[in-house]
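In case you want the letters, here they are:
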Amino acid sequence: MKSYYARLLAVRRVTQDNQGKKTAGVDGMVVISPKQRLEMAEKIKGNLKTKPLRRVWIPKPGRDEKRPLGIPTIQDRARQALVKSALEPEWEGRFEGTSYGFRPGRSAHDAIGRIYTAINQGQYYVLDADIAKCFDRINHDYLLSKIHCPSVIKRDLKQWLKAGVLDNGVFEDTEAGTPQGGVISPILANIALDGMARLIETMYPKASGGKVKATLIRYADDFVVISPSLDIIEQCKTAISRWLKPIGLEIKPEKTRVCHTLNPIQYEGKTEEPGFDFLGFNIRQYPAGKHRAGKINRDTRKTFLTHIKPSKKAVKAQIEVIKGVIKQHKTAPQSALISKLNPIIRGWSNYYSGVVSIETFSKLDHIIWQMLRAWTVSRCGKANYEKLSNYFIPGKVKLSNGKERQESWMFQTKDGLHFHKHSWTPIVRHTLVRPDATPYDGNWTYWATRKGQAIDTPTRVAKLLKKQKGRCAWCGQYFTPSDLVEVDHIVPRSQGGKEEYKNLQLLHRHCHDDKTALDEADAVSLTMEQSN
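All figures in this text were calculated on a predicted structure; none of them were measured in a lab. (Residues numbered from 1 in each chain as written. Predicted model: local features only at pLDDT ≥ 70, side-chain atom pairs only at ≥ 80, totals over all residues. Heavy atoms only, no water.)

Draft legend 1. View of the environment of Pro-34. By secondary structure assignment, the location of Pro-34 is in helix H2 (residues 34-43). Overall, Pro-34 belongs to the exposed group, its relative accessible area being 56%. Sequence-wise, Pro-34 and Arg-12 are 22 residues apart; in three dimensions their C-alpha atoms are separated by 9.9 Å. (Helix = DSSP H or I, 4+ residues; strand = E, 2+ residues; numbered from the N terminus. Buried < 20%, exposed > 50% of the residue type's maximum accessible area, 1.4 Å probe, protein only.)

Draft legend 2. Focus on the pairing of strand E1 (residues 53-59). Looking at chain direction, E1 and strand E4 (residues 165-167) are connected through two bridges and run parallel. Bridging from a neighbouring strand, Arg-54 pairs with Leu-166 of E4. Relative to strand E2 (residues 66-71), E1 runs antiparallel, the two being bridged by six bridges. Directly across from Pro-59, in E2, lies its bridge partner Lys-66. (Pairing = 2+ DSSP bridges.)

Draft legend 3. Quick peek at the packing of aromatic side chains. Scanning the model with the defined rule gives 15 aromatic pairs in all. For the ring pair Trp-91 and Phe-95, a centre distance of 5.8 Å and an interplane angle of 35° mean the geometry is tilted. The pair formed by Trp-91 and Phe-95 is uniform in burial state, with each residue classed as buried. Taken together, a centroid distance of 6.2 Å and an interplanar angle of 75° make the contact between Phe-102 and Phe-135 edge-to-face. Remark: Phe-135 occurs in helix H5 (residues 134-137) and Phe-102 occurs in the loop between helix H3 (74-92) and helix H4 (108-119); sequence separation between them is 33 residues. What links up through ring pairs into an aromatic cluster is the set Trp-369, Trp-375, Tyr-391, Phe-392, Trp-409, Phe-411 and Phe-419. Taking NZ or CZ as reference, Arg-94 lies 4.1 Å from the ring centre of Trp-91, over its face. Of note, Arg-284 hangs over the ring of Tyr-286, and the distance from its end group to the ring centre comes to 4.2 Å. (Phe/Tyr/Trp six-rings, centres within 6.5 Å; stacked < 30°, edge-to-face > 60°. Lys NZ or Arg CZ within 6 Å of the ring centre and 35° of its normal.)

Draft legend 4. Unusual backbone geometry, seen in detail. Positive phi outside glycine occurs at Phe-102, with the angle close to 55°. A relative accessible area of 43% means that Phe-102 is categorised as partly exposed. A positive phi is found at Ala-220, a non-glycine position, where the angle reads about 55°. By relative accessible area, which is 8% here, Ala-220 ends up buried.

Quick look at the structure:
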């Protein structure tokens, strides 16, 4: 809390790195200039009087309703980032291994991977539950009693929790809940909910043979309990409801269901279909022949396959988004439509690229092809081959895994800008994070390779780390576990650089941004010299 460099990092995160850096609080202030940032680093050193939150209503994805978001001032967000940097290392060492939401180095894919390992060797009952208005109802006294820290930090936490909200000029007190939209809110919610998985472990410890009676996997306020016994599931539901009461929370009945992974079951007078949706994925088991499904152990064969796919709700939402974009660009140039669609499709495909998605990707591509075909008809009437050839041009496309693919009807412009299909994204299984691993455990090699999964293979990142002796090739500073890294081309591809090991280097993400800006400036100056 006293470190000058920690304050600089806190200001950098909220004014340069975060996506909401241009969102102002009630004071209307957004820090832009370097001088303002340095001044703020000094201001957040002392005691600050917290200002109320600015309420913003944002639409819920796939629904007509909106949810409230409280935006603190930029100065309060910087102070929150500083306090978070002090609290996070301690709590990351204490959080449960099956908690994945809003934690550094963990993602929704880790939660899904953990569910897969929990159910893959047997048939299970599942409690799929959601906590009603979790962020809005957390009891302040309970939360503060759980955090043992210096009085300076506790005073700040209390101020942020009790700051109040301004909604169209009307002030409202905040008697419960954590400030959604604040930097500190996710870790406070995780602190409040820490202990839920431990409760289940205490109630149902592992049997002598190592068999687990019940497992709880949580991502923020969504969680599932997995057990081979329906009685244990019901007991867990009752115990969790009782455990949540002192926190001021309760399970949401309309979003809670009990089901089986393989078979339909009768529960509370209703037929529950097998499988469940979690974080946009559908998780269920399918009957399969004993020679196809593998073995549970040496003597026992499985009669089912565990498949995780994009949920029907997620697929429908993706179709609606793409349909809306095509409708908005009805009269726009083809290049504008492609430029708008490609990031949406790449992002969605990457999210689902670690599960059984090939069939879903192909179906989506077929639906979108029909939409694009209708888009061309609306522009040129009943199309013949000659007219279609202006929009659909044969060509080769290079996939992210390095392979080339020949397409006979590729939606692309004459200058080579092409539409990216879902099915071009290769299926790569996600590597599950170790349950006890945390970015603050000092194992920087492990975390550097995991950071590299999103941008390159872990092996290549590890080789580059070894080659550079743990230092950034641009600034020369050592990499730390919390750093974001980028694999960069020493000679840019645009200037003739090749995709080979000797032309690669590992940089901090901010160093990569600086180098990219410099390379672009050099390219512009070179173009000007050539034209002169």
